[in-house]
Amino acid sequence: MEATRILLVDDDQSSRMILRRLLSPQGYEVVEAESGEVALDRFREHLPDLVLLDVMMPGIDGIQTAREMKAIAGGTFVPILMLTALSDEKMLAHALEAGADDYIAKPYNRTVLEARLRAALRGRALFGELHAQKLRLEDLRAQTEREQETAARLLGSMFRSSSLENSCVRFASTPLERFNGDLLLAGRTPGGAFRIMLGDFAGHGLTAAIGALPIAEAFQSACLRGQPVETMLREANLKLRSILPRDLFLAVCVVEVEPVKRTAAIWNAGMPTVFVRGARGGIKAEAPSRMIPLGVLTQLPGSEVRVESLELGDRIYLYSDGFIEANDPFQNDFTDGLLRQLLARDGEGSRFDAVVAAHEAHVDGTPLSDDTTLVELTYLPELFESGAEPELVSRNHLELGAEALRGSDPMGIVDAWLTGIPSIASQRTTIGTITTELLTNAVDHGLLGLDSCLKAGPGGFGAYYEERERRLQALTRGVVRVELGVECVGSNYRLNLMVEDSGRGFDPRRLEALAPEGQLFGRGLTLVRSLCRDLRVVSPGNRTEVVYEWSAADATLLARTA
């Protein structure tokens, strides 16, 4: 253990000698300086643990020297004890203001000197511990932010629905935190019905967003199978009851429009009243809550509200309670009564923009206390009808940067991402294999520039993965993008998958040529090619596109037995 280093600054040689004789037997390493100028040089050179500094010195006095030492130390705490024979309180006050931490009066008392030194060094040690804790907290906060960013991208890709990218649906959503507690999903059934669901979890943030995962899966699976909404809600209710804490529940509203029948059914479980505005104005129908929120009771009593004889241009408005409970600067709510007035006004066309503008004017910059969402669904049969074949399309996007690749398991992220896409549930193992192989190529060969030949020979695989880990930890730049689209084509499903990296690319023909018969490496692309209908590597080799197909009957069978 190194000795504590003390910088002793005094222009009086005899005074320095006395202090050295007092300090050296205690095990301290003493560095001397006879002036402020020399002291500053020694301070930079030796980085002492503590400074004993005379107040009155020619040239730069002790007060100015203390001030400059504190500036040099920056974020490091080095205690400075002033040595003085003065009893002038103003002078001592100036010294303390300049950065001195304590003082020792001349002539020196051994007991007092030792006590002051121990107290100052305890303060330095405590400061060091606090500084180390601060750095650990900053690292933890940075890691948490990285993990939340990855989770936000992952959850966002799971909840993104192509059915919301529709001219008949308009929505405005403002999350209170990075993760939205309001859940908005849309989809079509094989029979041509269009469904939209707005959910509002009790609370907000990551906990609410994670709670939305099973609901999103249940909704998308129900659309895929054409399962009745009542059945989907009952099953979702039981699932939430089994996995969520009792203080977390989901208020939810589901609207199903059957364009050919010109009808709408509205299931409202704990959400604010849904308004149906006529094509020429006025409120055509209202759907207040008739059911309790999901996750509260094992049974889900209640019924839907049915709207008959929809007309072209009729509009259905859904919104979360955060939207109507938003405060103005005087703590007044926006209220559903005000929303009803805005929607009931005569005149054709959408009231969406007018409502959003009125809401923004009401809030007038007041901080929100909950997530807010407003949805407008317009009855446009020509957009809803999908023809003889169901048009089931799912688009998902995942992007992994250097920090995500270096700080977590990218294969695990992709596996979790694929789990949240119900439309590929029956083929998830095969699609996971394909995606993992392409992602591995993108990371290993595209970003890290690894050569599969490293795997050849005894111990080759170990050497390869050691080098891979070394390069991965040194990776500071680069990104891998994964895009996945699923569509229903006749009686089959088609997966279009693209994996792209920001590296220089690689030659796939060389990679496959490295795997002669009997070798255990270099066969990833060959495997993918054997599984897929089509595989294409785009020059210069940093973008790979595959097409994979399977029977819709397989997906339906799996869904019925799940």
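All values reported here derive from a predicted model rather than from experimental measurement.

## Some words on the overall build of the chain
Then, in step 1: Counting its regular elements, the chain contains 18 helices and 20 strands.
Then, in step 2: Burial statistics for the chain: of 562 residues in total, 47% are counted as buried.
Then, in step 3: Sequence-distant contacts in the chain: of pairs separated by 6 or more residues, those separated by 24 or more amount to 69%.
Then, in step 4: Looking at the chain as shown, the accessible area adds up to about 27000 Å², and 51% of this sits on carbon and sulfur atoms.

## Points about helix H2 (residues 36-46)
Then, in step 1: Taken as a whole, H2 has its buried residues at Gly-36, Ala-39, Leu-40 and Phe-43. Looking down the long axis of H2, one finds its buried residues gathered within 100° of arc, a one-sided arrangement.
Then, in step 2: At the C-terminal side of H2, Leu-47 shows a positive phi close to 45°.

## A short note on the sheet that holds strand E7 (residues 182-188)
Then, in step 1: Read from one edge of the open sheet, five strands run E7-E8-E9-E10-E13, paired in antiparallel fashion. With one partner strand each, in any of the chains shown, E7 and strand E13 (305-307) form the two edges of the open sheet. Within this sheet the neighbouring strands show an average axis-to-axis angle of 15°, counted without direction.
Then, in step 2: As defined by bridge partners, strand E9 (residues 250-258) adjoins strand E10 (residues 263-269) across seven bridges and the pair is classed as antiparallel. When the bridges of E10 are listed, Glu-258 appears paired with Thr-263.
Then, in step 3: Its contacts with the sheet put helix H7 (residues 229-243) on strand E8 (194-201), E9 and E10, and the angle it makes with E9 is roughly 165°.

## Description of the sheet that holds strand E1 (residues 5-9)
Then, in step 1: In spatial order, the strands read E2-E1-E3-E4-E5; together these five strands make up an open sheet with parallel pairing. If you trace the sheet from one side to the other, it starts and ends with strand E2 (29-33) and strand E5 (102-105), each paired once. Adjacent strand axes in the sheet meet at a mean angle of 20°, parallel and antiparallel pairs treated alike.
Then, in step 2: As paired strands, E1 and strand E3 (residues 50-54) are joined by four bridges and run parallel to one another. Bridge pairing in E3 places Leu-7 opposite Val-51.

## Remarks on the packing of aromatic side chains
Then, in step 1: Applying the stated criterion to the full structure yields five aromatic pairs.
Then, in step 2: Taking the centre distance of 5.4 Å and the plane angle of 50° together, the rings of Phe-77 and Phe-127 count as tilted. In this pair, Phe-77 sits in the loop between helix H3 (62-73) and strand E4 (80-84) while Phe-127 sits in helix H5 (residues 110-159), placing the two residues 50 residues apart along the sequence.
Then, in step 3: Between Phe-275 and Tyr-319, the ring centres sit 6.1 Å apart and the planes meet at 15°, which makes this aromatic pair stacked. Here Tyr-319 lies in strand E14 (residues 315-319) and Phe-275 lies in strand E11 (residues 274-277), a separation of 44 residues in the sequence. Tyr-319 matches Phe-275 in its accessibility class, with the two residues each being buried.
Then, in step 4: Seen from the ring of Tyr-103, Arg-116 lies directly overhead, with NZ or CZ sitting 5.5 Å from the centre.

## Some points on the pattern of salt bridges
Then, in step 1: Applying the stated criterion to the full structure yields 28 salt bridges.
Then, in step 2: Arg-306 is the salt-bridge partner of Glu-304, the closest N and O atoms lying 3.5 Å from each other.
Then, in step 3: Where salt bridges share partners, they join Arg-481, Glu-500, Arg-536, Arg-543 and Glu-545 into one cluster.

## A short note on a nonpolar patch on the surface
Then, in step 1: A cluster of nonpolar side chains, Phe-249, Val-296 and Leu-297, forms an exposed patch at the surface whose accessible area comes to about 220 Å².
Then, in step 2: Residue placement: Val-296 occurs in the loop between strand E12 (283-287) and E13.
Then, in step 3: Residue class for Val-296 comes out partly exposed when judged on its relative accessible area of 35%.

## Digging into the confidence of the model for the chain
Then, in step 1: The predicted model of the chain averages 83 in pLDDT, with 84% of residues at 70 or higher.
Then, in step 2: Under a pLDDT of 50 for its full length, residues 555-562 has, in the predicted model, seven contacts with residues more than four places off or in other chains.

## A short note on the nonpolar core
Then, in step 1: Residues Val-480 and Leu-497 are the most contacted members of the largest nonpolar core, which totals 40 residues.
Then, in step 2: In contact with Val-480, not counting residues within four places along its chain, are Leu-398, Glu-399, Leu-400, Leu-405, Leu-439, Ala-442, Val-443, Leu-447, Val-499, Glu-500 and Asp-501.

## Describing the side chain of His-445
Then, in step 1: Relative to the helices and strands, His-445 is located in helix H14 (residues 428-447).
Then, in step 2: Look at His-445 and you get buried, because its relative accessible area is 10%.
Then, in step 3: Separated by 2.9 Å, the side chain of His-445 and the backbone oxygen of Leu-450 make a polar contact.

## Details of H3
Then, in step 1: In this model, H3 (twelve residues) spans 16 Å end to end at C-alpha, consistent with the 16 Å of a helix rising 1.5 Å per residue.
Then, in step 2: Residue Asp-61 occupies the N-cap position of H3, its side-chain oxygen lying 3.3 Å from the main-chain nitrogen of Ile-63.
Then, in step 3: Taken from the residues just after H3, Gly-74 is the one with a positive phi, measuring 60°.

## As for the packing of helix H13 (residues 410-419) against H14
Then, in step 1: Put simply, H13 and H14 touch, their axes get as near as 10 Å, and they point 145° apart. You can see that H13 and H14 cross each other, and the crossing is right-handed. Between H13 and H14, the residues in contact are Pro-410, Met-411, Val-414, Asp-415, Leu-418 and Thr-419 and Arg-428, Ile-431, Gly-432, Thr-435, Thr-436, Leu-439 and Thr-440, respectively.
Then, in step 2: Residues of the contact of H13 with H14, tallied by class, amount to six nonpolar, five polar and two charged.

## Describing the packing of H2 against H3
Then, in step 1: As a packed pair, H2 and H3 sit with axes 10 Å apart at the nearest point and diverge in direction by 15°. By the angle between their axes, H2 is roughly parallel relative to H3. Pair H2 / H3 crosses with right-handed handedness. Within the contact between the two elements, H2 uses Gly-36, Ala-39, Leu-40, Phe-43 and Arg-44 and H3 uses Thr-65, Glu-68, Met-69, Ile-72 and Ala-73.
Then, in step 2: When grouped by side-chain class, the residues that make up the contact of H2 with H3 number six nonpolar, two polar and two charged.

## Examining the environment of Lys-239
Then, in step 1: With respect to the secondary-structure elements, Lys-239 resides in helix H7.
Then, in step 2: Given a relative accessible area of 35%, Lys-239 falls into the partly exposed group.
Then, in step 3: As a C-alpha pair, Lys-239 and Leu-294 span 55 residues in sequence and 9.2 Å in three-dimensional space.

The rules we used
Residues numbered from 1 in each chain as written. Predicted model: local features only at pLDDT ≥ 70, side-chain atom pairs only at ≥ 80, totals over all residues. Heavy atoms only, no water. Helix = DSSP H or I, 4+ residues; strand = E, 2+ residues; numbered from the N terminus. Buried < 20%, exposed > 50% of the residue type's maximum accessible area, 1.4 Å probe, protein only. Contact = heavy atoms within 4.5 Å. Areas by Shrake-Rupley, 256 points an atom, 1.4 Å probe, with all protein chains shown as cover. Arc of directions from axis to C-beta. Pairing = 2+ DSSP bridges. Axes fitted to C-alpha atoms, helices over the stretch in contact; angles between N-to-C directions. Phe/Tyr/Trp six-rings, centres within 6.5 Å; stacked < 30°, edge-to-face > 60°. Lys NZ or Arg CZ within 6 Å of the ring centre and 35° of its normal. Salt bridge = Lys/Arg side-chain N within 4 Å of Asp/Glu carboxyl O. Patch = residues over 30% accessible without salt bridge, like charges linked within 9 Å, V, L, I, M, F, W, Y side chains within 5 Å. pLDDT = per-residue confidence, 0-100. Core = buried A, V, L, I, M, F, W, Y, C linked by side-chain atoms within 4.5 Å. Polar contact = N/O pair within 3.5 Å; in protein donor to acceptor, adjacent residues only side chain to side chain. Expected span 1.5 Å × (residues − 1). Left-handed = near helix turned anticlockwise from the far one by under 90°. Nonpolar A, V, L, I, M, F, W, Y, C, P; charged D, E, K, R; others polar. Parallel < 35°, antiparallel > 145°, perpendicular 65-115°, else oblique.

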